[in-house]
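Now for the letters of each chain:
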Amino acid sequence: MGQHTVEKIGGTSMTRFGELMDNILIGSRKGAELYNRIFVVSAYGGITNLLLEDKKTGEPGIYGSFAAGKNDEWQEKLEATRKKMLELNHSFANIKLNIQQADAFVNERMDGIKNCLLHLMQLRSFGHFNPGNYLPAAREILSSVGEAHSAFNSVLILKEHGVNAVFVDLSGWKDQETGSMEDAIRRNLKGLNFAECMPIVTGYAKCAEGVMAQFDRGYSEITFSKLAVVTDAREGIIHKEFHLSTGDPKLMGVDKVRTIGHTNFDIADQLADMAMEAIHPKASKEMERHGIAIRVANAFDPENPGTLISQDYVSPSPKVDMICGRKDIIAIEIFDTEMVGASGYDYKVLESFARNNISYIAKNTNANTITHYVSERYKNLELCLNELRQAFPKAQISTRAVAIVAVIGSNMKIPGFLSRAATALADAGINVLALDQCMRQVNMQFIIARENFAEAQKALHAELVEK
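Parameters and conventions
- Residues numbered from 1 in each chain as written.
- Predicted model: local features only at pLDDT ≥ 70, side-chain atom pairs only at ≥ 80, totals over all residues.
- Heavy atoms only, no water.
- Phe/Tyr/Trp six-rings, centres within 6.5 Å; stacked < 30°, edge-to-face > 60°.
- Helix = DSSP H or I, 4+ residues; strand = E, 2+ residues; numbered from the N terminus.
- Buried < 20%, exposed > 50% of the residue type's maximum accessible area, 1.4 Å probe, protein only.
- Pairing = 2+ DSSP bridges.
- Axes fitted to C-alpha atoms, helices over the stretch in contact; angles between N-to-C directions.
- Contact = heavy atoms within 4.5 Å.
- Polar contact = N/O pair within 3.5 Å; in protein donor to acceptor, adjacent residues only side chain to side chain.
- Salt bridge = Lys/Arg side-chain N within 4 Å of Asp/Glu carboxyl O.

Q: Pulling in residues and values, what's your account of the packing of aromatic side chains?
A: How two aromatic rings sit relative to each other is set out by the distance from centre to centre and by the angle between their planes. The final tally for this structure, using the stated rule, is seven aromatic pairs. A ring pair is formed by Phe105 and Phe167, whose centres lie 6.0 Å apart and whose planes are at 80°; its orientation type is edge-to-face. Taken as a pair, Phe105 in helix α6 (residues 99-125) and Phe167 in strand β3 (residues 165-168) lie far apart in primary sequence, 62 residues in all. The class for Phe167 is partly exposed, based on a relative accessible area of 26%. On the basis of an interplanar angle of 80° and a centroid distance of 5.6 Å, the ring pair of Tyr204 and Tyr219 is categorised as edge-to-face.

Q: Describe in detail the sheet that holds strand β14 (residues 443-448), supporting the description with residues and values.
A: Sheets are built from strands paired through backbone hydrogen bonds, the pairs being either parallel or antiparallel. As summarised here, the arrangement of the six strands in space is β10-β11-β9-β12-β14-β13, forming an open sheet in which the pairing is antiparallel. Unpaired on one side and paired on the other, β10 (360-365) and β13 (434-437) mark the two borders of the sheet. Pairs of neighbouring strands in the sheet enclose a mean axial angle of 30°, with direction left out of account. Sitting on the sheet, helix α15 (residues 381-391) is in contact with β9 (322-335), β11 (369-375) and β12 (396-408), with an inclination near 35° to β9. Running over the sheet, helix α17 (residues 453-466) touches β9, β12 and β14 and is turned about 125° from β9.

Q: Can you break down the environment of Asp111 residue by residue, with the values?
A: Looking at the secondary structure, you find Asp111 in helix α6. With 33 residues separating them in the primary sequence, Asp111 and Leu78 have C-alpha atoms 9.5 Å apart. Among the polar contacts made by the side chain of Asp111, one reaches the side chain of Arg82 at a distance of 2.8 Å.

Q: Report on the pattern of salt bridges, specifying residues and quantitative values.
A: Enumeration according to the criterion identifies 25 salt bridges in this entry. Asp346 is the partner of Lys363 in a salt bridge, and the nearest nitrogen-oxygen pair spans 2.2 Å. Taken together, the positions of Lys363 in strand β10 and Asp346 in helix α14 (residues 345-355) put the pair 17 residues apart, joining distant regions of the chain. Here Arg450 makes a salt bridge to Glu376, at a shortest N to O gap of 2.8 Å. Here the residue Arg450 occupies a position in the loop between β14 and α17, and Glu376 occupies one in the loop between β11 and α15, the gap between them amounting to 74 residues. On the basis of relative accessible area, Arg450 is assigned to the partly exposed category, the value being 22%.

Okay, structure coming up:
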């Protein structure tokens, strides 16, 4: 195992680069202390939304307008995005960014992308080219420019502050070689002595499979994971704008939550299912297999060690790691008197889910009812429901908007946890519509009405964490 760490910095943090230097990148470090650290950087906050589409609202960016064939619109958005990137450059003048070099880099990349998309428009006009063949490539090239921009700037700034930073561009700009992501990492890191330099690596990595096609907006954590595995890092560190805490500090109160000091990969998966991603599940799997622990730290609280996620950790004393949940849930209930004793009934339901690329978060069954809880954000949800109604004409199929609140912990196998949780909800006047818990007892899920979402979390946190 190597002596170095691989560390990822998110986009919101990147816009506060001066503070990052004070807290993480430089701080009080001098000489050799600065090195044996590889940093994977995301695009500056909001830039990928402008390049692709808004992650929350779905409002189209350059890619969205290009894919829709709105030729004037995507070009206008490209120029607006270029302007925003140049404005970001100028915001770093006070921390010694060479504006001339930084602006030239942005203009070269954006001019190149504009020319590429114009050529694709010409191909499209002939009518013989399937959009499915060129739109994925357009999405890939647009994605890549955000991370290249932030990584290039970071190197310029760090060099001015006496750090031997190295720009490691995995974006494949004008690179005719296309192999696996592992190949790209080895090729671009070849000859670097991590003990004497600080590689700043783009969160986007070009590969034959297409990183956007495989992982979409979660690609930077995949790059982080691959780097850690390929270079045999001693630890992976994810710097966020917040600590991984026992609950939402905005909801519970900053004084009532505590940082989760240590947990395991299983719990990280449970959190991801509740949209509380410590790390992308597909990124963590490879690190888990190679025995590389992951630390989730607050980028602006460097003295706190954060949360260590390791392979076999189980809390020595029973406790709850986190209260969290999701309110974007639809309950799909199928009631059919012919279900009882029938073999393969649920299999047919899941066939439709699979065809429509829908996964469920929780599930309840009894003799004649199956209820699956899925995110309402799936585009094919209505299509799936219509399929189910056709497949089961005698069944009563209903839907209900609900929320899930989860109690998650690596060691909750003691009598009374479930009772205390249910009592806390009852005392708060909250009706439990359904509940779900596996025998491993690491995740209790309470299905409740959406209007009770915030109060349910507060009640459970007060009973199971604060006490």
